[in-house]
Amino acid sequence: MNTPTEVPTPTEVPTPTVGSPDLADPRFWRLPAPARAEAFAELRRRPAPVYFGDRATGRGFHALVRHADVVEASRTPAVFRSGPGVTTPEPPRWVRLLFGDSMVNLDDPRHAQLRRIVSRAFTPRLLGRIEEDVRRIATALVDEVERGRPEDFVGPVAAELPFQVICSMMGIPEESRRTILGLVNRTSAGTGVARTRRGRLRVPGRGLAALARMQGIVAEIGRERRRRPAEDLISALVTADVDGRRLTGRELGAFFSLLLVAGVETTRNALAHGLHLLTVHPEQRALLLADLDGRLDGAVDEIVRHATPIVQFRRTVAVDHELGGPGGPLLRAGEKVALYYGSANRDETVFPDPEAFDITRTPNPHLGYGGGGPHYCLGAHLARQEMTVLFRELFTRLPGARSLGEPVLVPSSFDHRVRALRFTF
Ligand code: HEM
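Student: Got a sec to walk through the packing of helix H10 (residues 249-280) against helix H14 (residues 380-397)? Specific residues and values, please.
Tutor: Contact pair H10 / H14: the axes reach a minimum separation of 11 Å and the direction vectors enclose 40 degrees. Taken as axis vectors, H10 and H14 run oblique relative to one another. Seen from above, H10 lies across H14 with right-handed handedness. Of the residues in H14, those touching H10 at Thr267, Ala270, Leu271, Gly274, Leu275 and Leu278 are Ala383, Glu386, Met387, Leu390, Phe391, Leu394 and Phe395. Taken together, the residues that form the contact of H10 with H14 break down as ten nonpolar, two polar and one charged.

Shown next, in the form of structure tokens:
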């Protein structure tokens, strides 16, 4: 037993053994889902997180794969810093200088300041007002589905809803929306694919010319609203509050891009996975349709747990830290850790039978929106609202709506992206 003067020795962190899966290798992310799930299950059984890459040169990361470890890293921001970046690879310095740092990559005090300003968009009062817009947009989309019978669920429905919702929240004029959508698609078509020695992998942060044009359009709208404020979010963000705080044109552009990436891609992937999960689990679908009002909230949470739209974000360790308390695995200052939300959401010590898709799962403390702490998803409530409203509209009016075949997925270590999903009703 330890006496108070005894300090437990930290546990050594293992490196992967030859032949075991390598999360840093793009080929790992092309493996079939069951093989990846098995690899993560094996990593969760190890006594300490595994370091992938070359620890001596610092080129690599500790893989945090357990629920408790992801929660600890998310809620201890003094140790686990978001700067200089949470995506891998991190955006080059000149990109950050040009486009302004996005709040996901910042630490306090700048993060707290920015978050206070942009939280104006997410007050219950504003979200209540947006709910009307979400309903109107969802109804129009289901009208369009009935009329046009599109083959693909992703472009015309799953991506369109969150895009329209964000544009209407921000107050982007109708005539600019198509241009912006074209630019977003160009940004994220290029986003994503990193050429590495061993292949290509989707990563965030490319498509810069399109991104620059999009931010230019938004900054222009910002200048216009500063002169003539309207009842929208851009106006709220560019006009000073009582303490004189407001966003600069560059910060506004960076925030809008973040909303599009964080709010559109994630929600679209969740909606597409959701429709597919409810198709391949007919008993869960029957359960849901038997009591939409009673079970939709649980279904939406279970979809986000099971599909986990964001695979991982990264943190940088600020000071030497023993994970889980004294005697735990030693993470050294300057090292990187990757928070694998999908693995945390399959942690069998928290979720009984984690592979099962169960819309009645209670409790469901999944980490799909992050592990808590200062960066917890700002749009979690809005995302739930969008999914609930769309599925309610879809299944009430078209109860036969279902996917056809398998979704077309894009291999990625960053998000669980669906490129296309055929569907019918
Ligand atoms: C199913 C949909 C969504 C998922 C799965 C999701 C997931 C996440 C995750 C994992 C994080 C990082 C949390 C952390 O680092 O602790 C995050 C952050 C964020 N999300 Fe979401 N998100 C979704 C929808 C949205 C929507 C609709 C919006 C806004 C319209 C949004 C805005 C943001 C913002 C602004 C941040 C950064 C917060 C900060 O750094 O302080 N998200 N989201």
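Student: Break down the pattern of salt bridges for me, citing the residues and quoting the values.
Tutor: Inspection of the entire model under this criterion finds 27 salt bridges. In this structure, arginine 27 engages aspartate 25 in a salt bridge whose closest nitrogen and oxygen atoms are separated by 2.8 Å. On the basis of relative accessibility, which here comes to 48%, the residue arginine 27 falls in the partly exposed class. Classification of aspartate 25 by relative accessible area gives buried; the value is 8%. A salt bridge links glutamate 302 to arginine 361; the shortest N-O distance between them is 3.2 Å. Highlighted residues: glutamate 302 in helix H12 (residues 292-307) and arginine 361 in the loop between helix H13 (341-344) and H14, separated in sequence by 59 residues.

Student: Explain the coordination of the iron atom of the ligand to me, and be specific about the residues and the numbers.
Tutor: Of all protein atoms, Cys377 (SG) alone acts as a donor to the iron atom of the ligand, lying 2.3 Å away. Residue placement: cysteine 377 occurs in the loop between H13 and H14.

Student: Any chance you could break down the nonpolar core for me, citing the residues and the numbers?
Tutor: Phe153, Met170, Phe255, Phe256 and Leu260 are the most contacted members of the largest nonpolar core, which totals 78 residues. Take this core: its biggest share by element is 13 residues, from H10. Excluding residues that lie within four positions of it along the chain, phenylalanine 153 makes contacts with Ala158, Leu271, Ala272, Leu275, Leu390, Leu394, Leu421 and Phe423. Counting 18 residues, the second largest nonpolar core, distinct from the first, contains Val70, Phe80, Leu323 and Val337.

Student: If you had to explain unusual backbone geometry to someone new, which residues and values would you point to?
Tutor: Look at the link from glycine 83 to proline 84: it is a cis peptide, with omega at 0 degrees. Within the secondary structure, proline 84 sits in the loop between strand S3 (80-81) and helix H3 (93-99). A cis amide bond links threonine 362 to the next residue, proline 363, at an omega of -5 degrees. As for its position among the elements, proline 363 is in the loop between H13 and H14. Positive phi outside glycine occurs at arginine 149, with the angle close to 45 degrees. For arginine 149, the position within the fold is in the loop between helix H5 (124-148) and helix H6 (154-170). Residue aspartate 353 is not a glycine yet carries a positive backbone phi of 45 degrees. On the secondary structure map, aspartate 353 appears in the loop between H13 and H14.

What counts and how
- Residues numbered from 1 in each chain as written.
- Predicted model: local features only at pLDDT ≥ 70, side-chain atom pairs only at ≥ 80, totals over all residues.
- Heavy atoms only, no water.
- Axes fitted to C-alpha atoms, helices over the stretch in contact; angles between N-to-C directions.
- Helix = DSSP H or I, 4+ residues; strand = E, 2+ residues; numbered from the N terminus.
- Parallel < 35°, antiparallel > 145°, perpendicular 65-115°, else oblique.
- Left-handed = near helix turned anticlockwise from the far one by under 90°.
- Contact = heavy atoms within 4.5 Å.
- Nonpolar A, V, L, I, M, F, W, Y, C, P; charged D, E, K, R; others polar.
- Salt bridge = Lys/Arg side-chain N within 4 Å of Asp/Glu carboxyl O.
- Buried < 20%, exposed > 50% of the residue type's maximum accessible area, 1.4 Å probe, protein only.
- Donors = N, O, S within 2.8 Å, 3.2 Å for Na, K, Ca; no water.
- Core = buried A, V, L, I, M, F, W, Y, C linked by side-chain atoms within 4.5 Å.

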